[in-house]
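Descriptive analysis of the structure
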Amino acid sequence: MKSHKDLDIYNLAFEYAIEVHKLSLKLPKFELYEQGSQVRRSSKSIQDAIVEGYGRKVYKQDFLKFLTYAHASLLECISQLEMINELYTLEGTLELIKKYDLLGGKIFSFMLYVEKNWKT
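Each chain carries its own residue numbering, running from 1 in the written order of its sequence. Only residues with pLDDT of at least 70 get local features here, since the model is predicted, and only at 80 or more are side-chain atom pairs given and counted; chain-wide, interface and lining totals rely on the full set of residues. Calculated side-chain values reflect all of the structure's heavy atoms, with hydrogen atoms and water omitted.

Looking up the protein in an unreviewed UniProt entry gives the name Four helix bundle protein, with the organism given as Salinimicrobium tongyeongense.

1. A closer look at the environment of Asp8
The residue Asp8 is located in helix α1 (residues 8-24) in this model. Using a relative accessible area of 43% as the deciding quantity, one classes Asp8 as partly exposed. Note: C-alpha distance between Asp8 and Leu103 (95 residues apart in sequence) is 9.4 Å. Only DSSP runs of H or I with at least four residues qualify as helices, and only runs of E with at least two residues qualify as strands; both kinds are numbered from the N terminus onward. Buried residues are those whose accessible area, probed at 1.4 Å on protein chains only, stays under 20% of the maximum for their type, while exposed residues exceed 50% and partly exposed ones sit between those limits.

2. Here's the deal with the packing of aromatic side chains
Aromatic rings from Phe, Tyr and Trp, taking only the six-membered ring of Trp, are treated as a pair when their centres fall within 6.5 Å; an angle between ring planes under 30 degrees marks them as stacked, one over 60 as edge-to-face, and anything in between as tilted. Overall, the coordinates contain nine aromatic pairs when judged by the stated rule. Relative to Tyr69, the ring of Phe66 lies with its centre 5.2 Å away and its plane at 85°, an arrangement referred to as edge-to-face. A residue pair is termed a helical-turn pair when its members lie 3 or 4 positions apart in one helix, as Phe66 and Tyr69 do in helix α3 (residues 60-87) at three residues. Judged by relative accessible area, Tyr69 falls into the partly exposed class, the value being 43%. Between Phe110 and Tyr113 the ring centres are 6.0 Å apart and the planes differ by 25°, which places this aromatic pair in the stacked class. Separated by three residues within a single helix, Phe110 and Tyr113 lie in helix α4 (residues 93-117), roughly one turn from each other. These aromatic residues form a ring-pair network of at least three members: Tyr54, Phe63, Phe110, Tyr113 and Trp118.

3. Some words on the packing of α1 against α4
Where α1 contacts α4, the axes come no closer than 10 Å and their chain directions differ by 155°. If you check the angle between α1 and α4, you find them roughly antiparallel. α4 is crossed by α1, and the crossing has left-handed handedness. Residue-level contacts link Asp8, Ile9, Leu12, Ala13, Tyr16, Ala17, Glu19, Val20 and Leu23 of α1 to Thr93, Leu96, Lys99, Tyr100, Leu103, Lys106, Ile107 and Phe110 of α4. Lines are fitted to the C-alpha atoms to define the axes, a helix being fitted only along its stretch in contact, and any angle between axes, read from their N-to-C directions, falls within 0 to 180 degrees. Any angle from 65 to 115 degrees is called roughly perpendicular, while one under 35 is roughly parallel, one over 145 is roughly antiparallel, and all others are oblique. By convention, the crossing between two helices is left-handed when the near helix turns anticlockwise from the far helix through less than a right angle, and right-handed when the turn is clockwise. Residue contacts follow a heavy-atom distance rule, with two residues in contact if any of their heavy atoms lie within 4.5 Å.

4. Brief notes about α4
A rise of 1.5 Å per residue sets the reference length of α4, with its 25 residues, at 36 Å; its end C-alpha atoms lie 36 Å apart and thus fit the reference within 8%. Within α4, the full set of buried residues consists of Thr93, Leu96, Ile97, Tyr100, Leu103, Gly104, Ile107, Phe110, Met111 and Val114. Buried residues along α4 sit against α1, α2 (35-55) and α3. An expected span of 1.5 Å times one less than the residue number is assigned to each helix.

If you want it as structure tokens, here you go:
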């Protein structure tokens, strides 16, 4: 790996954050700075935590800590999307929830890989 961009989990997180951003802009105006802002921030912090962890990859425990942060932000993002799905009918919300669910599994699997195989 030469860069965080070589990580599948980063690339998916980046792609999904863009989808969340676009979806959130379809919320009613009064929600753009409430629910919209919260879901955008949580989705973008997944990719950011992966990048920051990768930047500390020489320290295995730091890498794992930031992957844990990424996973926690992912759970927050799913929670926000579930709330949006309950309150509003926005096409693509359920699909995003499913995508994030799968990404959560990939992040968890990568965490196990780092825990067992990462050399510091």
